[in-house]
Amino acid sequence: CTLTGIKRESIKPASTPFVDESKDPLGVTSDVEDLTKENATEISPLAKIARKVLMKIMYLARFARDDLKRAVGALATHITRWNDLCDKKMYRIIQFLVGSRSWRSIGFIGDDFKELRLALFTDSDFAGDRSDMKSTPGVFLALYGRHSFRPLGSVSKKQGCVSHSSVEAELVSCNFGVRTVGIPA
């Protein structure tokens, strides 16, 4: 807020860290002129500041806010070619942070060790990255029991391949989750 001159009270909370992609192909409501390739490649004047802020939010996402990993990870792929569209996406993440300041990740253990189980959950979007049509899997590992639930970790990383169906994207996500999180656990 002090870097951009925007007062915290003037930032409207957002319900999600993602921009609404139904408004236009790039996910930002703006004039058609703003979305031209020419303007999309210009370096934003806020780039240097925004990169620093993004890295601080990435640290937060990694250690405390799993719900930010997908949005921050996708934005981090543009860190060397930051533009006005990235500024708008960053502002949306900040709006989400303002609206979710009180959210907490909690865990509780109320069972004996023998009654606890590991659970691995995987999911994937289908062609979620519009620039290269690659999917992004989400992986979540938790320890649970009848009176216990303790999140242990999560991962969100763009797939290295282009899936041709949502079923294929889910299978790649499951494979990724088992290899990177499930087997090491």
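Conventions used here
- Residues numbered from 1 in each chain as written.
- Predicted model: local features only at pLDDT ≥ 70, side-chain atom pairs only at ≥ 80, totals over all residues.
- Heavy atoms only, no water.
- Helix = DSSP H or I, 4+ residues; strand = E, 2+ residues; numbered from the N terminus.
- Contact = heavy atoms within 4.5 Å.
- Buried < 20%, exposed > 50% of the residue type's maximum accessible area, 1.4 Å probe, protein only.
- Core = buried A, V, L, I, M, F, W, Y, C linked by side-chain atoms within 4.5 Å.
- Axes fitted to C-alpha atoms, helices over the stretch in contact; angles between N-to-C directions.
- Parallel < 35°, antiparallel > 145°, perpendicular 65-115°, else oblique.
- Left-handed = near helix turned anticlockwise from the far one by under 90°.
- Nonpolar A, V, L, I, M, F, W, Y, C, P; charged D, E, K, R; others polar.
- Pairing = 2+ DSSP bridges.
- pLDDT = per-residue confidence, 0-100.
- Salt bridge = Lys/Arg side-chain N within 4 Å of Asp/Glu carboxyl O.
- Polar contact = N/O pair within 3.5 Å; in protein donor to acceptor, adjacent residues only side chain to side chain.

Trainee: Sorry, what's going on with the overall build of the protein chain here?
Mentor: Within the protein chain, the secondary structure is distributed over 5 helices and 3 strands. What you see in the protein chain, going N to C, is helices and strands ordered as α-α-α-α-β-β-β-α. Pairs at least 24 residues apart make up 63% of the contacts formed inside the protein chain by residues separated by at least 6 positions.

Trainee: Is there a simple way to explain the environment of Ser-154 in this structure?
Mentor: By secondary structure assignment, the location of Ser-154 is in strand E3 (residues 148-156). A relative accessible area of 18% places Ser-154 in the buried class. Sequence separation of Ser-154 and Arg-62 is 92 residues, and the distance between their C-alpha atoms is 8.8 Å.

Trainee: Looking at this structure, how should I read the environment of Val-72?
Mentor: Relative to the helices and strands, Val-72 resides in helix H3 (residues 69-76). In this structure Val-72 touches Leu-54, Ile-57, Met-58 and Ile-93, once residues within four positions along its chain are discounted.

Trainee: Help me understand the nonpolar core, please; the structure alone is not making it clear to me.
Mentor: What tends to happen in soluble globular proteins is that the nonpolar side chains get buried as a cluster. By size, the foremost hydrophobic cluster in this structure holds 16 residues, and its most contacted members are Leu-54, Ile-57, Leu-68, Leu-75, Trp-82, Met-90 and Ile-93. Setting aside residues no more than four positions away along its own chain, Ile-93 makes contact with Pro-17, Ile-57, Leu-68, Ala-71, Val-72 and Leu-75.

Trainee: Looking at this structure, how should I read the packing of H3 against helix H4 (residues 84-99)?
Mentor: It is the contact of H3 with H4, at a shortest axis distance of 11 Å, that shows an interaxial angle of 160°. When the axis of H3 is compared with that of H4, the two are roughly antiparallel. Taken as a pair, H3 and H4 cross one another with a handedness that is left-handed. Mapping the contact onto sequence places Ala-71, Val-72 and Leu-75 in H3 and Cys-86, Lys-89, Met-90 and Ile-93 in H4. Looking at the contact of H3 with H4 residue by residue, the class counts come to 6 nonpolar, no polar and 1 charged.

Trainee: Help me understand the sheet that holds E3, please; the structure alone is not making it clear to me.
Mentor: Backbone hydrogen bonds are what pair the strands of a sheet, in a parallel or an antiparallel way. Read from one edge of the open sheet, 3 strands run E1-E2-E3, paired in antiparallel fashion. The open sheet terminates on both sides in strands that have one partner only, identified here as strand E1 (117-124) and E3. Across the sheet, the mean angle separating the axes of adjacent strands is 20° when strand polarity is ignored. Relative to E3, strand E2 (residues 137-145) is paired through 8 bridges, and the arrangement is antiparallel. Looking at the pairing, Gly-138 lines up with Ser-156 of E3.

Trainee: How should the confidence of the model for the protein chain be read in this particular structure?
Mentor: Detailed reading of predicted coordinates is not advised where the pLDDT is low. For the protein chain, the mean per-residue pLDDT works out to 82, and 84% of the residues sit at or above 70. This model gives residues 25-39 a pLDDT under 50, and the stretch forms 18 contacts once residues within four places in sequence are excluded.

Trainee: Explain the side chain of Ser-100 to me, please; I cannot follow it from the model alone.
Mentor: Examined against the element boundaries, Ser-100 turns out to sit in the loop between H4 and E1. Judged by relative accessible area, which is 1%, Ser-100 ranks as buried.

Trainee: Help me understand the pattern of salt bridges in this model?
Mentor: Pairing is possible between side chains that carry opposite charge, provided their charged atoms lie close to one another. Within the structure shown, the criterion is met by 3 salt bridges. Between Lys-69 and Asp-66 there is a salt bridge whose closest N-O contact spans 3.4 Å. Judged by its relative accessible area of 34%, Asp-66 is partly exposed. For Arg-70, the salt bridge goes to Asp-125, with nearest N and O atoms at 3.5 Å.

Trainee: Help me out: how do you make sense of the side chain of Ser-163 in this one?
Mentor: Residue placement: Ser-163 occurs in the loop between E3 and helix H5 (166-182). Using a relative accessible area of 4% as the deciding quantity, one classes Ser-163 as buried. A distance of 3.2 Å separates a polar atom in the side chain of Ser-163 from a polar atom in the side chain of Gln-159. Non-local contacts of Ser-163, meaning those with residues more than four positions away in its chain, are made with Phe-126, Ser-135, Glu-168, Ala-169 and Val-172.

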